[in-house]
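So the chains spell out like this:
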Amino acid sequence: MGTFLIGFVLAVAGGWLLVNQVQVGSFGGWHLWGFNSFGLSLIPFIAGVGLLFFNGRSIAGWLLLIAGLAIIVAGILINLNIYFKPTSLFNTLMMLGMLAAGVGLMARSFRAAEASLKENAD
């Protein structure tokens with residue numbers, strides 16, 4: 001349990017430090033062939049919601065709703081600009097090292113727990 005907690009703390013700290021060095025912005029909207037296409041991306045979502053309110057067991061309604069949500073999430077992610085703030089190589093290596101060490105310690109704690117369960121079963 002101690003190995004897992006130390007790994008978890010290292011992974012969270014390394015991940016937080018890495019994410020803290022990122023700036024996220026957008027370039028001003030969803031465009032398809034030069035036109036704003038946000039409203040067009042809402043059509044499957046709205047149709048799915050309408051079908052589900054008419055019949056909650058409608059497979060087509062669920063498919064349209066899920067497809068609409070996927071299109072909206074994909075549109076948001078595609079239109080993001082992600083920049084890493086300048087930092088020293090030492091800081092970058094420390095952040096990535098903490099993250100990797102934490103994940104490795106957590107994985108090792110699971111392996112040790114699995115081995116002890118096998119020993120107790122025998």
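Look a little higher up for the structure.
Computed from a prediction, not measured in an experiment: that's the story for all the values here.

Basis of the calculations
Residues numbered from 1 in each chain as written. Predicted model: local features only at pLDDT ≥ 70, side-chain atom pairs only at ≥ 80, totals over all residues. Heavy atoms only, no water. Helix = DSSP H or I, 4+ residues; strand = E, 2+ residues; numbered from the N terminus. Rg over C-alpha atoms; globule rule 2.2 N^0.38 Å. Buried < 20%, exposed > 50% of the residue type's maximum accessible area, 1.4 Å probe, protein only. Contact = heavy atoms within 4.5 Å. Areas by Shrake-Rupley, 256 points an atom, 1.4 Å probe, with all protein chains shown as cover. Expected span 1.5 Å × (residues − 1). Arc of directions from axis to C-beta.

(A) Representation of the overall build of the protein. Summing up its helical and strand segments, the protein has five helices and four strands in all. The helix and strand sequence of the protein, counted from the amino end, reads α-β-β-β-α-α-α-β-α. By the compact-globule yardstick of 14 Å for 122 residues, the protein is too spread out, its C-alpha radius of gyration being 23 Å. Across the 122 residues that make up the protein, the buried fraction comes to 20%. Counting contacts in the protein only where the partners sit at least 6 residues apart, residues at least 24 apart contribute 73% of the total. As displayed, the protein offers around 9100 Å² of accessible surface, 74% of which is attributable to carbon and sulfur atoms.

(B) The arrangement of helix 3 (residues 43-54) in detail. For helix 3, which comprises twelve residues, the first-to-last C-alpha distance of 17 Å matches the rise-based estimate of 16 Å (1.5 Å per residue) to within 8%. Within helix 3, the full set of buried residues consists of Pro 44, Gly 48 and Leu 52. Looking straight down helix 3, one finds that the buried residues subtend no more than 65° of arc, so they occupy a single side. Within helix 3, the exposed residues directed more than 90 degrees away from the buried face are Ile 46, Phe 53 and Phe 54. Along its buried surface, helix 3 packs onto helix 2 (38-41) and helix 4 (59-78).

(C) Layout of the environment of Met 1. Turning to its location among the elements, Met 1 is positioned in the segment before helix 1 (2-20). C-alpha separation for the pair Met 1 and Phe 110, spaced 109 residues apart in sequence, amounts to 9.2 Å.

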